[in-house]
Amino acid sequence: MPGVVHIVDDDASFATAMERRLKHAGYEVAIYLSAQHLLDRLPSESVLGCILLDVRIPGLSGPELQERLSKLGSTLPIIFLTGYPDIPITVRTIKAGADDFLTKPVTSDDLLRAIERAFARYEAARAPKSKLDIVRAHIAALTPREREVFELVVRGNANKQIARALGCTERTIKATG
């Protein structure tokens, strides 16, 4: 599967029609009939995905959900859909980081292009974060002594200087690193 599209829309028939269209295009789909429903089942960031979000939904609105997700640290791209285009809301959501803003009814081509762009940007942003997470895991696995050596190496100290600072031989430092 190329990724998961999380549809948040209170119109069950629209959500089902979108689900059929997206599954036909090869996507996995999850439907949430309210913002709270999505918050209760927060999508995993480890799986390629995006959120297709209606602007006007009962309870927590689309833009309010976007803000809440941002506060929770979610980086899943959001594509807004609306049947009632409103320039101030469009501007607000785009400034808050929305990937796209589409008007209902949306053509399959426009929708699929928006999803592909969102996935591409998400994947590009995830790659460096993934590498950073690996580096952090390696650093966390260091022993206290290895961490001392690492900190001095990062500061640009030579093995001889590190050995002197830690009261050991240069050979020990080479074996630690």
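Residues numbered from 1 in each chain as written. Predicted model: local features only at pLDDT ≥ 70, side-chain atom pairs only at ≥ 80, totals over all residues. Heavy atoms only, no water.

1. Concerning unusual backbone geometry
At the junction of K104 and P105, the peptide bond is cis and its omega measures out at -10 degrees in the coordinates. By the secondary structure assignment, P105 is in the loop between β5 (100-103) and α5 (108-140). (Helix = DSSP H or I, 4+ residues; strand = E, 2+ residues; numbered from the N terminus.)

2. Considering the packing of aromatic side chains
Under the counting rule described, the total for this entry stands at two aromatic pairs. With a centroid separation of 5.6 Å and 75 degrees between ring planes, the pair formed by Y27 and F119 is classed as edge-to-face. Note that Y27 is positioned in the loop between α1 (12-24) and β2 (28-32) and F119 in helix α5, a separation of 92 residues in sequence. Judged by centre distance (5.9 Å) and plane angle (25 degrees), the ring pair of F80 and F101 falls under stacked. A residue pair is termed long-range when its members are at least 10 positions apart, and F80 in strand β4 (residues 78-82) and F101 in strand β5 qualify at 21 residues. Under the relative-accessibility criterion, F101 is labelled buried at 15%. Note that R56 overlies the ring of Y84, its terminal NZ or CZ placed 4.3 Å from the centroid. (Phe/Tyr/Trp six-rings, centres within 6.5 Å; stacked < 30°, edge-to-face > 60°. Buried < 20%, exposed > 50% of the residue type's maximum accessible area, 1.4 Å probe, protein only. Lys NZ or Arg CZ within 6 Å of the ring centre and 35° of its normal.)

3. Thoughts on the side chain of Q66
Looking at the secondary structure, you find Q66 in helix α3 (residues 62-71). Aside from chain neighbours lying at most four places away, what touches Q66 is L53, I78, F80, T93, A96, G97 and A98. (Contact = heavy atoms within 4.5 Å.)

4. Some points on empty space enclosed by the protein
Applying the stated rule across the entire model yields one cavity of 30 Å³ or more. Along its surface, the largest cavity is lined by V55, R56, T82, Y84, D86, I89 and F101. (1 Å grid on protein atoms, 1.4 Å probe; cavity = no way out; pocket = protein on both sides within 12 Å on 5 of 7 lines; lining within 4 Å. Points joined across faces, edges and corners; volume = space filled by probe spheres on them.)

5. A few points about the nonpolar core
Counting 38 residues, the largest nonpolar core has V5, L22, L52, L65 and I115 as the members making the most contacts within it. It is α5 that contributes the most residues to this core, six residues altogether. In this view, I115 contacts V5, L22, Y27, C50 and I79; residues no more than four positions away in its chain are not counted. Of all hydrophobic cores here, the second largest spans six residues; its members include V149, I162, A163 and L166. (Core = buried A, V, L, I, M, F, W, Y, C linked by side-chain atoms within 4.5 Å.)

6. Quick word on the sheet that holds strand β3 (residues 49-54)
Ordered in space as β2-β1-β3-β4-β5, the five strands form an open sheet in which the pairing is parallel. Two strands bound the open sheet, and with one partner strand each, they are β2 and β5. Across this sheet, the average inter-strand angle for adjacent strands is 20 degrees, counted without regard to direction. Against the sheet, helix α4 (residues 87-95) engages β4 and β5, with an angle of about 150 degrees to β5. (Pairing = 2+ DSSP bridges. Axes fitted to C-alpha atoms, helices over the stretch in contact; angles between N-to-C directions.)

Read these as geometric descriptors, not functional statements.
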